Amino acid sequence: MSITVHTPAKVNLFLKVKGKRQDGYHELLTVFQSVDLCDTLYISLNGSGINITAPEHIPQHHGNLAYSAAKAFYASTGLRSGVSIALKKTIPVEAGLGGGSSDAAAVLRALNMLYHQPLTDAQMRHLASQLGSDVSFFLYGGMAVGKGRGEIIEPLPDVLPLWFRLVKPPFGLSTPLVYANWDGTSHADWKEFWQSLKGPVEGLRLFNDLEAPAVRIRPELSSLKSQLLQNGAVQALLSGSGSTVFGVYIQQPDIDMTLPEGYRQWTVRALSRAEMGRECNILG
Ligand code: C5P
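Residues numbered from 1 in each chain as written. Predicted model: local features only at pLDDT ≥ 70, side-chain atom pairs only at ≥ 80, totals over all residues. Heavy atoms only, no water.

A.B. asks: Any details on the pattern of salt bridges? Residues and values, ideally.
C.D. replies: What the rule picks out here adds up to 11 salt bridges. The shortest N-O distance in the salt bridge between Asp39 and Lys89 comes to 2.7 Å. Taken as a pair, Asp39 in strand β2 (residues 26-45) and Lys89 in the loop between β4 (82-88) and α2 (99-114) lie far apart in primary sequence, 50 residues in all. The shortest N-O distance in the salt bridge between Glu154 and Lys147 comes to 3.1 Å. By relative accessible area, Lys147 is classed as partly exposed at 32%. A cluster of three or more residues bridged by salt bridges with shared partners is formed by Arg21, Asp23 and Glu27. (Salt bridge = Lys/Arg side-chain N within 4 Å of Asp/Glu carboxyl O. Helix = DSSP H or I, 4+ residues; strand = E, 2+ residues; numbered from the N terminus. Buried < 20%, exposed > 50% of the residue type's maximum accessible area, 1.4 Å probe, protein only.)

As structure tokens, this is what we get:
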């Protein structure tokens, strides 16, 4: 039995860091939105063990979230493992786009389907939250609020048709390093963001408290933001802990931006919850 799954990336439309917790994580209030830049996973039940085929720059076993997800699934169900997972990557790594987390959630969903739902939704959510702070969101997709470490998910109705340009610099940013550079201040205004979601796209007010620490590490992110704004974006923001910066557009931007060597760009649109895993324009 095999299945092909398209696993979407996300951007954070809002990210407030509320403080550092006893366990070393940071307490968040964030809003995720899935977008149609996708990896592709080919998953077959066969043989024994967990066999991963992934591009060279991705860890093949430990450190690969797709592998960890399969391992956690078998440990939790007590089923004998026997799966091959071929991972075709399009979503860049260390980019703040949740690629590894999306792959992990897709593996959990696919295995639970192929084995006829041995795990309940609550068990799936528990496994996802143990794998990483962003994995739980990808069990839902669409637009959703994330609380706690980001793993407590409250789905939101899809609000707006949104177009984004994602720009990924040649460098990545390490999530722990960006959090470690957060100076304890927060400028993310939930009320302003929430009100703006109800209005037209041009009035959107997006915030990310991780942008300032990311810019301290990589000052060139600031000029990238300005460039997006000069190129017709109504808003520009760092996604998650970066290094991707995205612009929001009223209509699909049709001309590529001129960027320095090594920078990559994609035009993507918001994916609704219903479209999750089906509609991916930019495939791995
Ligand atoms: O949960 P995840 O493994 O994705 O987190 C990676 C790292 O990012 C954590 O070890 C921590 O340093 C940082 N992090 C954090 N607060 C969060 C999420 C992640 O400090 N809410």
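A.B. asks: Give a description of the environment of Ala128 that names residues and reports values.
C.D. replies: Along the chain, the position of Ala128 falls in helix α3 (residues 121-131). Residues Ala128 and Ala72, 56 residues apart in the sequence, show an inter-C-alpha distance of 9.1 Å. Every residue in contact with Ala128, bar those within four places of it in the chain, is listed here: Leu108, Val135, Ser136 and Leu139. (Contact = heavy atoms within 4.5 Å.)

A.B. asks: Pulling in residues and values, what's your account of unusual backbone geometry?
C.D. replies: Most peptide bonds take the trans form, and the phi angle of most residues other than glycine is negative. Residues Gly242 and Ser243 are joined by a peptide bond in cis, for which omega reads 15°. As for its placement among the helices and strands, Ser243 is situated in the loop between β9 (235-238) and β10 (245-249). Positive phi values are uncommon outside glycine, yet Glu94 reaches one of about 50°. Mapped onto the fold, Glu94 is located in the loop between β4 and α2. Accessibility expressed as a relative area gives 46% for Glu94, which makes it partly exposed. For His116, which is not glycine, the phi torsion reads 60° and is therefore positive. Note on placement: His116 falls in the loop between α2 and α3. Assessed through its relative accessible area of 65%, His116 is described here as exposed.

A.B. asks: Help me get a handle on the packing of α2 against α3, residues and values and all.
C.D. replies: The relative placement of two packed helices is expressed as an angle between their axes plus a distance between the axes. Direction vectors running N to C along α2 and α3 enclose 150°, while the axes themselves pass 10 Å from each other. Taken as axis vectors, α2 and α3 run roughly antiparallel relative to one another. You can see that α2 and α3 cross each other, and the crossing is right-handed. Of the residues in α3, those in contact with Ala104, Leu108, Arg109 and Asn112 of α2 are Met124, Leu127, Ala128 and Leu131. Split into classes, the residues belonging to the contact of α2 with α3 amount to 6 nonpolar, 1 polar and 1 charged. (Axes fitted to C-alpha atoms, helices over the stretch in contact; angles between N-to-C directions. Parallel < 35°, antiparallel > 145°, perpendicular 65-115°, else oblique. Left-handed = near helix turned anticlockwise from the far one by under 90°. Nonpolar A, V, L, I, M, F, W, Y, C, P; charged D, E, K, R; others polar.)

A.B. asks: Go over the site of the ligand with me, naming the residues and quoting the values.
C.D. replies: By nearness alone, every residue bordering the ligand is listed as Gly24, Tyr25, His26, Leu28, Gly132, Ser133, Arg149, Thr175, Pro176 and Tyr179. Take His26: an N or O atom from its side chain is 2.7 Å from an oxygen atom of the ligand. A distance of 3.0 Å separates a nitrogen atom of the ligand from a polar backbone atom of Arg149. About the coverage of the ligand: the protein hides 72% of its 440 Å² of free accessible area. Put simply, the parts of the chain that give the shell around the ligand at least two residues each are β2 and α5 (175-180). At 3 residues, α5 tops the list of elements feeding residues into the shell around the ligand. (Near = heavy atom within 4 Å. Polar contact = N/O pair within 3.5 Å; in protein donor to acceptor, adjacent residues only side chain to side chain. Areas by Shrake-Rupley, 256 points an atom, 1.4 Å probe, with all protein chains shown as cover.)

A.B. asks: Can you break down helix α1 (residues 65-77) residue by residue, with the values?
C.D. replies: Every α-helical turn comprises 3.6 residues, leaving residues that sit three or four positions apart pointing alike. Taking 1.5 Å of rise per residue, 13 residues should cover 18 Å, and α1 covers 18 Å from first to last C-alpha, within 8% of that figure. When α1 is considered as a whole, its buried residues turn out to be Ala66, Tyr67, Ala69, Ala70, Ala72, Phe73 and Tyr74. Contacts from the buried residues of α1 go to β2, β3 (49-53), β4, α2 and α3. Among the residues of α1, the N-terminal cap falls to Asn64, whose side-chain oxygen and the backbone nitrogen of Ala66 are separated by 2.8 Å. (Expected span 1.5 Å × (residues − 1).)

A.B. asks: Got a sec to walk through the nonpolar core? Specific residues and values, please.
C.D. replies: Counting residues in each nonpolar core, the largest one holds 40 residues, and the members touching the most others are Ile43, Val83, Ile85, Val107, Leu108 and Leu111. Elements represented by at least two residues in this core include exactly β1 (2-20), β2, β3, α1, β4, α2, α3 and α4 (137-140). When residues of this core are assigned to their parent elements, the largest contribution, 8 residues, is made by α2. Setting aside its immediate chain neighbours within four residues, Leu108 contacts Ala69, Phe73, Met124, Leu127, Ala128 and Leu131. Val11, Ala188, Leu204 and Val268 belong to the second-largest nonpolar core, a separate cluster that totals 31 residues. (Core = buried A, V, L, I, M, F, W, Y, C linked by side-chain atoms within 4.5 Å.)

A.B. asks: With reference to specific residues and values, describe the sheet that holds strand β11 (residues 264-269).
C.D. replies: If you trace the 4 strands from one edge of the open sheet to the other, you get β9-β10-β7-β11, paired in antiparallel fashion. Each edge of the open sheet is held by one strand with a lone partner, namely β9 and β11. Taken over all neighbouring pairs, the strand axes of this sheet differ in orientation by 20° on average, direction set aside. Note that strand β7 (residues 163-168) and β10 share 5 bridges and pair antiparallel. When the bridges of β10 are listed, Val167 appears paired with Val245. (Pairing = 2+ DSSP bridges.)

Fair warning: the whole summary comes from geometry, so function is off the table for now.
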